[in-house]
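Observations on chain architecture
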Amino acid sequence: MSKKALVVEDDSNIAELLRLYLGKDGFEVSIAQDGGKAVGMFESLQPDIVLLDIMLPIMDGWQVCSEIRKTSKVPIIMLTAKGETMDKINGLEMGADDYITKPFEVKELIARVHAVMRRSGDEEVSKEHKLEFDKLVINLDSYELIVDGNKIDTPPKEMELLYHLASMPNRVFTRNQLLDEVWGFDYFGDSRTVDVHIKRLREKLEGVSDKWSLKTVWGVGYKFDVED
């Protein structure tokens, strides 16, 4: 069965180019030219991947990403014409899996599509993936983060990063190790991706317990520090 891709892009030339190349790659492609239609089409189509422009009529790409993340962990690649750091950071904070700056090479974009889909397809659970610490439960089976008894909305990649760190307490990971082991060897981004996700996790976790913490090891990377 062919995979389904939803392309959300108001530039008809780019949208048709993506339809052509994704179609050649075996995808069944649907196109939405504004953010409002994109949300409705996502709910009806249930695509396997979303390619999402940022600058859109009706509802921008960040809003569309946020709406999708309320109900789905489907891979999302953000398309940005600006290439500015804050655009990329905003996309990651909203729960996007990757981003690519226009103008882009179509072959690179297709490679990124396959990379994020491979990562999402590797999330088959063969045993319980649940960690418990003082006032903290990290459940990767249900993608739930429970902090001091409260369920905290957390994007999938933040959950995976926290679980990875907490599954090996007190071990220091470099940014490149985390990119390889959480995002995958195919990841095309840079190490700032890790910093963005750590920052967002700290906002959720800071001050909850004095028995554990997310710590920066200056000049090296990060660790989930647990008191003896």
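These figures come from a predicted structure and were not determined experimentally.

**Here's the deal with the overall build of the protein**
From N to C terminus, the protein includes eight helices and 12 strands. Within the structure as shown, the protein displays about 11,500 Å² of accessible surface, and the carbon and sulfur contribution to it stands at 47%.

**Description of the packing of helix H6 (residues 156–166) against helix H7 (residues 175–183)**
Between two packed helices, the angle of one axis relative to the other and the distance separating the axes together describe the packing. One can describe the packing of H6 onto H7 by two numbers: an axis separation of 10 Å at closest approach and a directional angle of 115°. In this view, H6 runs roughly perpendicular relative to H7, as classed from their interaxial angle. Considering only the axes of H6 and H7, their crossing is right-handed. When H6 is examined against H7, the residues Lys157, Glu160, Leu161, His164 and Leu165 are found in contact with a partner set consisting of Leu178, Glu181, Val182 and Trp183. Residue composition of the contact of H6 with H7, grouped by class: five nonpolar, one polar and three charged.

**Observations concerning the pairing of strand E1 (residues 3–8)**
Where E1 and strand E2 (residues 27–32) come together, six bridges link them in parallel fashion. In the sheet register, alanine 5 faces E2, and the bridge partner there is valine 29. In this fold, E1 hands off to helix H1 (residues 12–24), which returns the chain to E2; that crossover is right-handed. Judged from the four bridges that link them, E1 and strand E3 (residues 49–53) form a sheet pairing that is parallel. Bridge assignment links alanine 5 to a residue of E3, and that residue is isoleucine 49.

**Notes on the environment of alanine 81**
When you line up the elements, alanine 81 lands in the loop between strand E4 (76–80) and helix H4 (85–93). Separated by 20 residues in the primary sequence, alanine 81 and threonine 101 place their C-alpha atoms 5.7 Å from one another.

**Focus on the sheet that holds strand E11 (residues 212–217)**
On the basis of which strands lie adjacent, the open sheet formed by three strands has the order E10-E12-E11 and antiparallel pairing. In the strand order of this sheet, the two ends are held by strand E10 (173–174) and E11, each with one partner. Strand direction decides the pairing type here: E11 and strand E12 (residues 221–226), joined by six bridges, are antiparallel. When the bridges of E12 are listed, valine 217 appears paired with glycine 221. Where helix H8 (residues 192–205) meets the sheet, it contacts E11 and E12, and its direction lies at approximately 150° from that of E11.

**Observations regarding unusual backbone geometry**
Look at the link from lysine 102 to proline 103: it is a cis peptide, with omega at -10°. One can find proline 103 in the loop between strand E5 (98–101) and helix H5 (106–121). Phi is positive for lysine 135, which is not a glycine, with a value near 60°. Within the secondary structure, lysine 135 is located in the loop between strand E6 (130–133) and strand E7 (136–139). Positive phi outside glycine occurs at asparagine 170, with the angle close to 70°. Here asparagine 170 lies in the loop between H6 and E10.

**Quick word on H6**
Along H6, 11 of the 11 residues are buried, which leaves the element largely enclosed by surrounding structure. For H6, the set of buried residues is Pro156, Lys157, Glu158, Met159, Glu160, Leu161, Leu162, Tyr163, His164, Leu165 and Ala166.

**Topic: the environment of valine 113**
Residue position: valine 113 is located in helix H5. Taking the C-alpha atoms as reference, valine 113 lies 9.4 Å from leucine 22; in sequence the two are 91 residues apart.

**Focus on helix H2 (residues 35–45)**
Every buried residue belonging to H2 is among Gly35, Ala38, Val39 and Phe42, and all of these are buried. Projected onto a plane normal to the axis of H2, the buried residues spread over an arc of 100° and lie on a single side. Turned more than 90 degrees off the buried face of H2, the exposed positions are Lys37 and Ser44. Here the buried face of H2 lies against E1, E2, E3 and helix H3 (61–69). The opening residue of H2 is aspartate 34, an N-cap whose side-chain oxygen sits 3.0 Å from the backbone nitrogen of glycine 36. Two residues or fewer after H2 comes glutamine 46, characterised by a positive phi angle close to 50°.

About the criteria used
Residues numbered from 1 in each chain as written. Predicted model: local features only at pLDDT ≥ 70, side-chain atom pairs only at ≥ 80, totals over all residues. Heavy atoms only, no water. Helix = DSSP H or I, 4+ residues; strand = E, 2+ residues; numbered from the N terminus. Areas by Shrake-Rupley, 256 points an atom, 1.4 Å probe, with all protein chains shown as cover. Axes fitted to C-alpha atoms, helices over the stretch in contact; angles between N-to-C directions. Parallel < 35°, antiparallel > 145°, perpendicular 65-115°, else oblique. Left-handed = near helix turned anticlockwise from the far one by under 90°. Contact = heavy atoms within 4.5 Å. Nonpolar A, V, L, I, M, F, W, Y, C, P; charged D, E, K, R; others polar. Pairing = 2+ DSSP bridges. Right-handed = clockwise from strand over helix to strand, strands pointing away. Buried < 20%, exposed > 50% of the residue type's maximum accessible area, 1.4 Å probe, protein only. Arc of directions from axis to C-beta. Polar contact = N/O pair within 3.5 Å; in protein donor to acceptor, adjacent residues only side chain to side chain.

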